Amino acid sequence: MSGSPDGDGDKRPPGASAVRRAFFASLTGTALEWYDFAIYSVAAALVFGDVFFPSEDPATGTLLAFSTYAVGYVSRPLGGFVFGRLGDKIGRKKVLIATLVLIGVATLLIGVLPSYATIGVAAPIALVILRFAQGVGVGGEWGGAVLLSSEFGDPRRRGFYASAAQIGPPAGNLMANGVLALLGAVLTESQFLSWGWRVAFLLSGVLVFFGLWIRAKLEETPVFQAMEAEKTRPEAPIREVFTTHPRALVAAILSRIAPDVLYALFTVFVLTYATGELGMSRGSALAAVLIGSSLQVFLIPLAGALSDRVNRRLLYGVSAVGAGVWPFLFFPMASGGSWPLLVVGVVVALALHSLMYGPQAAFIAEQFSPRLRYTGSSLAYTLAGVVGGAIAPLLFTALLDSYKSWIPLALYVAVTAVLTVTGLCLGRDGTDDDDLTAPGSAAEQPVPSPGGATA
């Protein structure tokens, strides 16, 4: 019966130490994978155009480098389909170990990949393949990391516990930018371009080993253990998500678009914009992103916790509106080339991103029943990435090159904000007992269309 401590689908509560381990494993594992992903993103903006895509036109080299950045997003749905399905069938823990190994090996190989000058066109081809593997790993990681912490934690604090996985991207971005900034400071330009950037990729081996050690010590989540005991694991989770949760899937996908695009603008494209358009040094641009990412590590869990106390969709929606407006203020403010103003612009943007990103994991997980959560969350996360973060740096670069103005870039962000607010309106508010119902029971059947609630 729903809510029964003996018969419910979630044998909660686990011990406090288990909850802390799950939170830490979700945070650190995701941070390590996003370190790998982020060093590629930064390197694509600052290095890969010269190393793998030499061209007489710097803009062309940068555009080609961002094309490989997009491959990491385009490949994510494959990871979402493969690993999301496995996460609901064989368990969260096994899949999370596999995704960490995949992205770690791919990143290590990028660190030793010969340049275009050494092996010619084989270099960018190999780079694209390895980037594809990174994306597959990240595509399967996020949904499991969210469930790892939230299914161990108190469902009344789902926003806070689910935010553990959300801290990973800024933490990984912080580590990546910090390492590259340090290398850029101690090495000459030629040293950094020839071999210095590779050090950041090779460090991934040590970090991945640490992450595997943490995850191997964990037990499976209480929700999945209950699904195994009651034999309610889905046989065809992908088909079930598309046939029984279509509205939930659309809502979750749209909710992710604006945060992805805003993040791409203020952590990836801003590096190119600051160095190419504002005449700033690479170190100054990296420092601005470093400061904003540092604050996000604290703001994201605070936003997740706040969403447990106020309406989650309302907090998310108001922040999305702010995200749509901010670029119209940022670009004029930064146009004079002032580094302090650039820092303010990046910090405010990433604060708005945090207010969306903190509640995001809980909001998406709440759209799906527990037995389909890994699949549904992974599909939403990865499909949104294709239309959000994947093409954002490419569009920013192409729009600026074509129109020589920041206005089309700001309008693009505003449109994505409208899409995200629409997704929030389509979604539903979760309830505290979402995890306390028996998997496969009547309470676990497809979520009905929401009625009356607004973002």
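A brief structural summary. Every value quoted in this text rests on a predicted model; they were computed, and no experiment measured them. (Residues numbered from 1 in each chain as written. Predicted model: local features only at pLDDT ≥ 70, side-chain atom pairs only at ≥ 80, totals over all residues. Heavy atoms only, no water.)

## Structural notes on the packing of helix α5 (residues 92–111) against helix α7 (residues 122–150)
Packed helices, taken two at a time, are described by the angle between their axes plus the distance between the axes.
Here's step 1: Across the interface, α5 lies against α7 with an axial gap of 8 Å and an inter-helix angle of 150 degrees. Classified by the angle their axes make, α5 and α7 are roughly antiparallel. Crossing geometry of α5 relative to α7 is assigned as left-handed.
Here's step 2: Here the contact of α5 with α7 is composed, by residue class, of 15 nonpolar, six polar and two charged. (Axes fitted to C-alpha atoms, helices over the stretch in contact; angles between N-to-C directions. Helix = DSSP H or I, 4+ residues; strand = E, 2+ residues; numbered from the N terminus. Parallel < 35°, antiparallel > 145°, perpendicular 65-115°, else oblique. Left-handed = near helix turned anticlockwise from the far one by under 90°. Nonpolar A, V, L, I, M, F, W, Y, C, P; charged D, E, K, R; others polar.)

## Some thoughts on unusual backbone geometry
Here's step 1: Residues other than glycine seldom take positive phi values, yet K404 does so here, at roughly 55 degrees.
Here's step 2: By the secondary structure assignment, K404 is in the loop between α18 (392–403) and α19 (407–426).
Here's step 3: Residue classification places K404 among the exposed residues on the basis of a relative accessible area of 62%. (Buried < 20%, exposed > 50% of the residue type's maximum accessible area, 1.4 Å probe, protein only.)

## Side note on the pattern of salt bridges
Here's step 1: Inspection of the entire model under this criterion finds six salt bridges.
Here's step 2: We note a salt bridge from D260 to R256, for which the minimum N-O separation is 2.9 Å. Taken together, the residues D260 and R256, both in helix α13 (residues 246–276) and four residues apart, mark about one turn of the helix.
Here's step 3: Among the residues examined, D260 registers a relative accessible area of 8% and is labelled buried. (Salt bridge = Lys/Arg side-chain N within 4 Å of Asp/Glu carboxyl O.)

## Points about helix α17 (residues 373–387)
Here's step 1: An ideal rise of 1.5 Å per residue puts 21 Å on 15 residues; α17 measures up with 22 Å between its terminal C-alpha atoms.
Here's step 2: With twelve of 15 residues buried, α17 is to be regarded as a mostly interior element. (Expected span 1.5 Å × (residues − 1).)

## Here we look at the environment of V297
Here's step 1: Note that V297 resides in helix α14 (residues 282–307).
Here's step 2: Through-space distance from the C-alpha of V297 to that of L174 is 8.8 Å; in sequence the pair is 123 residues apart.
Here's step 3: Not counting residues up to four positions away in its chain, the partners in contact with V297 are I167, P170, A171 and L174. (Contact = heavy atoms within 4.5 Å.)

## What about α13?
Here's step 1: Spanning 31 residues, α13 covers 43 Å between terminal C-alpha atoms, matching the ideal 45 Å at 1.5 Å per step.
Here's step 2: If you look at α13, its biggest bend is around 55 degrees, right at F269.
Here's step 3: Counting buried residues in α13 gives 26 out of 31 residues, a clear majority hidden from the surface. (Bend = angle between axes of the 7 residues up to and from the residue.)

## Digging into the packing of aromatic side chains
In this description, a pair of aromatic rings is defined by centroid distance and the angle of the planes.
Here's step 1: Taken as a whole, this structure holds 15 aromatic pairs when the rule is applied.
Here's step 2: Judged by centre distance (5.2 Å) and plane angle (15 degrees), the ring pair of F23 and F160 falls under stacked. Linking F23 in helix α1 (residues 16–46) with F160 in helix α8 (residues 158–186), this pair joins segments that are 137 residues apart in sequence.
Here's step 3: A ring pair is formed by F52 and W197, whose centres lie 6.0 Å apart and whose planes are at 75 degrees; its orientation type is edge-to-face. With F52 in the loop between α2 (48–51) and α3 (58–74) and W197 in helix α9 (residues 189–202), this residue pair connects regions lying 145 residues apart in the sequence. (Phe/Tyr/Trp six-rings, centres within 6.5 Å; stacked < 30°, edge-to-face > 60°.)

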